[in-house]
Amino acid sequence: MSDTSPTPLRPLSHIERFSSTRHHLGIYRCVVVTCRYHASHPLTPSRLYAALAVLIRAHPMLRVGILNQHTSTPCFSHVPEVDLRNHLDFRPVETVASRDEYEAEVAKVQGWRHNQLWQDIETLPPWQLIVLTPPAGMFAQHTYDLVFGYHHSLADGTGGRVFHELLLTALNQPSQPPSSPHSLSFPTPPLLPEAQQDVIDYKSSPTFVLGAIWSSMAPAWLQPPKQPIWHGRHIDYSLPYITRVSPVDIDADTLSSLLKACRRHSTSLTGLLHALALTSLSLHLPAADAPAFVSATPINARPYLSPSANPDLLHTLRVLISSQSHSHSSSVVAAFRDPAADLDALIWSNAQRIKNELTERASTLPLDDPISLTRYISDWFAYWRKKDGQPREDSWEISNIGAIKEPGTDTAISRILFTNGAMVAGPAIGLNVGSVAGHGLTIAISWQDAIVPDSVIQQLSSDFAAFTTRFHKTGKFMP
């Protein structure tokens, strides 16, 4: 290896390779978490450089590249110098005439960031911060939407929220700017957070392993037929990678009503949102096309770290996730379509069911975690290629990255917009959720263009808004 070649660091974990191989194939490019900042003083390049320097020094995943992403053995690479000019992009939004037009532009930029492949990934850390500035006078203070896009092998969705929390803290506690305004030097290779499989003590029962092997390898005629589900169009790698984003904002008072009701009904907001999505899709999709559904919930795996994990790296940006699947059978869906159905009662009973499934999964982890089976996948490229042309396994996914609990003082955050990019080989619809204490919640719907009809997304968006607003006003989701 020549002196100019990047220095390899640790190999990517199994779940990090899940994302690096998708990026190389172009079927998933990044995660995006956007926050709206209000500041008493402008967010100038030098001010952001100083704040970002604090984060990059503390979080080694912001200063690594990825080597050999085209192979089955990728690893992170040491990047000895980070030029912040490569990661910051200032974009004034000057052509909009109203707040609605500005919000549409933010969503459009969010989708655009998802569609880009990371360039020079071996030597340029794959993350970017786009600073959108609305027209003067549209907001009371200096206001910016900071669009943070990053390769999913660097961090999970929770990491995107944490990035903004840390950036907000740095902006409210100004530090001395680096000696060079935009260039940061890291001559010593960083100590990276450990691979997920090395710090979570996975255990698998024989029946779990044998069941997984049988499901993946046994001929179809020896397995019980699967319940057909709605999943949009089949997976199709020939379609252009275009991510569409449609946000639904829920104000603080409405969110408070929903949270109180969830506690009364022994469920969670995530369980309720699954139930509302189930309601909308059941009522508006034809029974012949949508006899049943399957949805998924990513789970934050940080609570399951073993004592062996390096305590100095526990809170750094990293990937630590699990997942839970939820089957919505034909009988469940038919109940929603019954003209005599008590839809509010069905919503709450299904929200409870989904919450119970998540609680049961949380109580057994890390036993029999499907994520642990990724260690058996030696060729991720073959794994993904087999999916081309096949039906999707999930109808939708709800990923909830939680709340920013300290929205700030001199510089503050009022909105968080989180999206997964189009999941070409995954769920047809992404429902991505984040909130800011005292400022409400945003459900960002994301999907691949041409996979789900626009009319379905428009109906789902309007139903989320109508269901939640009506509940806040009347205590009922349905008229």
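Going by the structure above, here's the rest.
Residues numbered from 1 in each chain as written. Predicted model: local features only at pLDDT ≥ 70, side-chain atom pairs only at ≥ 80, totals over all residues. Heavy atoms only, no water.

### Quick notes on the overall build of the protein chain
Tallying secondary structure elements over the protein chain gives 12 helices and 16 strands in all. Its C-alpha atoms give the protein chain a radius of gyration of 22 Å, within 12% of the compact-globule value 23 Å for 479 residues. With the C-alpha coordinates aligned to their principal axes, the bounding extent of the protein chain is approximately 70 × 55 × 45 Å. Within the protein chain, buried positions represent 56% of all 479 residues. Carbon and sulfur atoms make up 55% of the accessible area of the protein chain, which amounts to about 20400 Å² in all. Distance from the positive charge centre (37 side chains) to the negative charge centre (41 side chains) of the protein chain: 2 Å. (Helix = DSSP H or I, 4+ residues; strand = E, 2+ residues; numbered from the N terminus. Rg over C-alpha atoms; globule rule 2.2 N^0.38 Å. Buried < 20%, exposed > 50% of the residue type's maximum accessible area, 1.4 Å probe, protein only. Areas by Shrake-Rupley, 256 points an atom, 1.4 Å probe, with all protein chains shown as cover. Lys, Arg positive; Asp, Glu negative; His and termini not counted. Charge placed at Lys NZ, Arg CZ, Asp CG, Glu CD.)

### Focus on empty space enclosed by the protein
Scanning the entire structure with this criterion turns up 1 cavity of 30 Å³ or more. The calculated volume of the largest cavity comes to roughly 40 Å³. Every residue lining the largest cavity is listed: Arg392, Asn420, Gly421, Ala422, Met423, Pro427, Ala428, Gly430, Ser446, Trp447 and Gln448. Partitioned by chemical class, the residues of the lining of the largest cavity number 5 nonpolar, 5 polar and 1 charged. (1 Å grid on protein atoms, 1.4 Å probe; cavity = no way out; pocket = protein on both sides within 12 Å on 5 of 7 lines; lining within 4 Å. Points joined across faces, edges and corners; volume = space filled by probe spheres on them. Nonpolar A, V, L, I, M, F, W, Y, C, P; charged D, E, K, R; others polar.)

### A look at the sheet that holds strand S3 (residues 64-67)
Where strands meet in a sheet, backbone hydrogen bonds hold them as pairs that are either parallel or antiparallel. Read across the open sheet, the 3 strands follow the order S1-S4-S3; overall the sheet is antiparallel. Across the chains shown, the open sheet's two edge strands, defined by having one partner strand only, are strand S1 (7-11) and S3. The sheet shows a mean angle of 40° between the axes of neighbouring strands, direction not considered. The pairing of S3 with strand S4 (residues 75-78) spans 4 bridges and is classified as antiparallel. Across the sheet, the residue bridging to Val64 is His78, located in S4. (Pairing = 2+ DSSP bridges. Axes fitted to C-alpha atoms, helices over the stretch in contact; angles between N-to-C directions.)

### Regarding helix H1 (residues 14-25)
Residues that lie three or four places apart on an α-helix share one face, since the helix turns once every 3.6 residues. Its 12 residues give H1 an end-to-end C-alpha distance of 17 Å, which sits within 8% of 16 Å, the value for a rise of 1.5 Å per residue. The buried count for H1 comes to 9 of 12 residues, which makes it a mostly enclosed element. Every buried residue of H1 is listed here: His14, Ile15, Glu16, Arg17, Ser19, Ser20, Thr21, Arg22 and His23. Of the surrounding secondary structure, the elements contacted by the buried residues of H1 are S1, S4, helix H5 (196-199), strand S12 (321-328) and helix H11 (380-385). (Expected span 1.5 Å × (residues − 1). Contact = heavy atoms within 4.5 Å.)

### Regarding the packing of helix H7 (residues 252-264) against helix H12 (residues 454-474)
How two helices sit against one another is set out by the angle between their axes and by the gap between those axes. Remark: H7 packs on H12, axes separated minimally by 9 Å, with the N-to-C direction vectors making an angle of 80°. Classified by the interaxial angle, the pair formed by H7 and H12 is roughly perpendicular. In this structure, H7 contributes Asp253, Thr254, Ser257, Leu258, Ala261 and Arg264 to the contact, and H12 contributes Thr468, Thr469, Phe471 and His472. Along the lines of polarity and charge, the residues of the contact of H7 with H12 split into 3 nonpolar, 5 polar and 2 charged. (Parallel < 35°, antiparallel > 145°, perpendicular 65-115°, else oblique.)

### Brief notes about helix H2 (residues 45-58)
Between its first and last C-alpha atoms H2 spans 20 Å; for 14 residues at 1.5 Å apiece the expected length is 20 Å, and the two agree. For H2, every residue scored as buried is listed here: Arg47, Leu48, Tyr49, Ala50, Ala51, Leu52, Ala53, Leu55 and Ile56.

### What about unusual backbone geometry?
Note that the residue after Leu365, namely Pro366, is joined by a cis bond; omega there is 5°. Following the sequence through the fold, Pro366 ends up in the loop between helix H10 (343-364) and H11. Phi angles above zero are rare outside glycine, and Ser266 is one such case at about 55°. Here Ser266 lies in the loop between H7 and helix H8 (269-284). A residue is classified by how much of its surface remains accessible, and Ser266, at 54% relative accessible area, is exposed. With a phi close to 50°, Asp368 is a non-glycine residue in the positive phi region. Topologically, Asp368 is positioned in the loop between H10 and H11. Look at Asp368 and you get buried, because its relative accessible area is 16%.

### Focus on the sheet that holds strand S16 (residues 440-448)
Judged by pairing direction, the sheet is mixed, and its 6 strands sit side by side in the order S10-S16-S15-S13-S11-S12 without closing on themselves. The open sheet terminates on both sides in strands that have one partner only, identified here as strand S10 (243-250) and S12. The sheet shows a mean angle of 20° between the axes of neighbouring strands, direction not considered. Pairing analysis gives 8 bridges linking strand S11 (residues 293-300) to S12, with the strands arranged antiparallel. Pairing of Pro298 across the sheet is with Ser323, part of S12. With respect to the sheet, H7 is in contact with S10, strand S15 (429-436) and S16, its orientation differing from that of S10 by roughly 80°.

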